[in-house]
Amino acid sequence: MIYVDNISFSYDKEKVIDDLSLSFEENKITTLIGPSGCGKTTLLYLLADLLKPSQGLIHRNNLKTALILQDFGLFPWKTVYENITMVSKENANAYIDQFELNEHLDKYPSELSGGQKQRVAFARALTLKPDMLLLDEATSALDAISKEKIQDFILDQYLKHPKTIVAITHSIEEAVFLGHQILVMQDGKIVETIQNDLPKQKEIRNHLNFYEMCLKVRGILNETEPGK
């Protein structure tokens, strides 16, 4: 388990995370959903050790962590191959083959589609052999069809090589599709934890219980909106 123990964090004098405690089960997917500015990305950066809490502790159990940013974090002046191998060349060729990137190695990010950029970002992250993968709105810039393809891709990678994944999203459907645990965040706090026992398979989107779970999450989000 990864434990977050009574952490707080402020930007200048504005408290973004407020005395937060929670846990993430290893080799499961946790999705975080909530309105913009509620502290989701700050929490992810704290988990990645890019920020330090002003109080409290995060117990990562020495897990090696990789972060994939919302804009994929690719360097525009580097080729696909250079982006993938900039952190580690070890095992790079295996991921290049796995993600079918061989024909794109000499291209630059501007020459790639959103889905191709996502595969490059995953290949680079996985060369680290991380135990925990953090995703910051990995599909937010994509159209609906591309979103589902990337969600399928993330799920497929998880099923082949289970690891601890924490994924921020603004999409209720994405939170339900990917998450074993869905955390609803508001004003720097987790206001609801939903255990999601729906099977992890692509076909679940066609099932009634998938939409019922989406309605449940939507109802909780509506209830926790400011002023309600």
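Reading guide: rules and limits
- Residues numbered from 1 in each chain as written.
- Predicted model: local features only at pLDDT ≥ 70, side-chain atom pairs only at ≥ 80, totals over all residues.
- Heavy atoms only, no water.
- Pairing = 2+ DSSP bridges.
- Helix = DSSP H or I, 4+ residues; strand = E, 2+ residues; numbered from the N terminus.
- Axes fitted to C-alpha atoms, helices over the stretch in contact; angles between N-to-C directions.
- Core = buried A, V, L, I, M, F, W, Y, C linked by side-chain atoms within 4.5 Å.
- Buried < 20%, exposed > 50% of the residue type's maximum accessible area, 1.4 Å probe, protein only.
- Contact = heavy atoms within 4.5 Å.
- Phe/Tyr/Trp six-rings, centres within 6.5 Å; stacked < 30°, edge-to-face > 60°.
- Lys NZ or Arg CZ within 6 Å of the ring centre and 35° of its normal.
- Expected span 1.5 Å × (residues − 1).

(A) How the structure looks around the sheet that holds strand β1 (residues 2-11). The sheet built from three strands is open, its strands ordered β2-β1-β4 with antiparallel pairing. The strands lining the two open edges of the sheet, one partner per strand, are β2 (14-24) and β4 (55-59). Each strand axis lies, on average, 25° off the axis of its neighbour in the sheet, ignoring direction. With seven bridges connecting them, β1 and β2 associate as antiparallel partners. Looking at β2, one finds that Tyr3 is bridged to Ser23.

(B) View of the nonpolar core. Judged by nonpolar contacts, the single largest core of 47 residues is most densely connected at Phe122, Leu135 and Val176. If near-sequence neighbours (up to four positions away) are discounted, Val176 is found in contact with Ile182, Asn196, Leu198, Lys200, Phe210, Met213, Cys214 and Val217. With 24 residues, the next largest nonpolar core counts Leu32, Leu51, Met132 and Leu134 among its residues.

(C) Quick look at the packing of aromatic side chains. Enumeration according to the criterion identifies six aromatic pairs in this entry. Ring centres of Phe210 and Tyr211 lie 5.4 Å apart, and the angle between their planes is 85°; this geometry places the pair in the edge-to-face category. Feature note: the residues Tyr95, Phe99, Phe122 and Phe153 constitute an aromatic cluster, connected by ring pairs. Seen from the ring of Phe177, Arg205 lies directly overhead, with NZ or CZ sitting 3.9 Å from the centre.

(D) Structural view of the sheet that holds strand β8 (residues 181-186). Read across the sheet, six strands follow the order β5-β6-β7-β3-β8-β9 without closing on themselves; strand pairing throughout is mixed. Taken across any chain shown, the strands that pair with only one partner, and hence form the sheet edges, are β5 (65-68) and β9 (189-195). Within this sheet the neighbouring strands show an average axis-to-axis angle of 20°, counted without direction. Relative to strand β7 (residues 164-169), strand β3 (residues 29-33) runs parallel, the two sharing five bridges. Bridged to Ile33 within β7 is Thr169. Here helix α1 (residues 40-47) sits on the sheet in contact with β3, β5, β6 (132-136), β7 and β8, set at roughly 155° to β6.

(E) Region of interest: helix α4 (residues 114-126). The terminal C-alpha atoms of α4 lie 18 Å apart, and with 13 residues this matches the ideal 18 Å at 1.5 Å per residue to within 8%. Among all positions in α4, only Gln116, Gln118, Val120, Ala121, Phe122, Ala123, Arg124, Ala125 and Leu126 are buried. Buried residues along α4 sit against β5, α2 (80-85), α3 (92-98), β6 and α5 (144-160).

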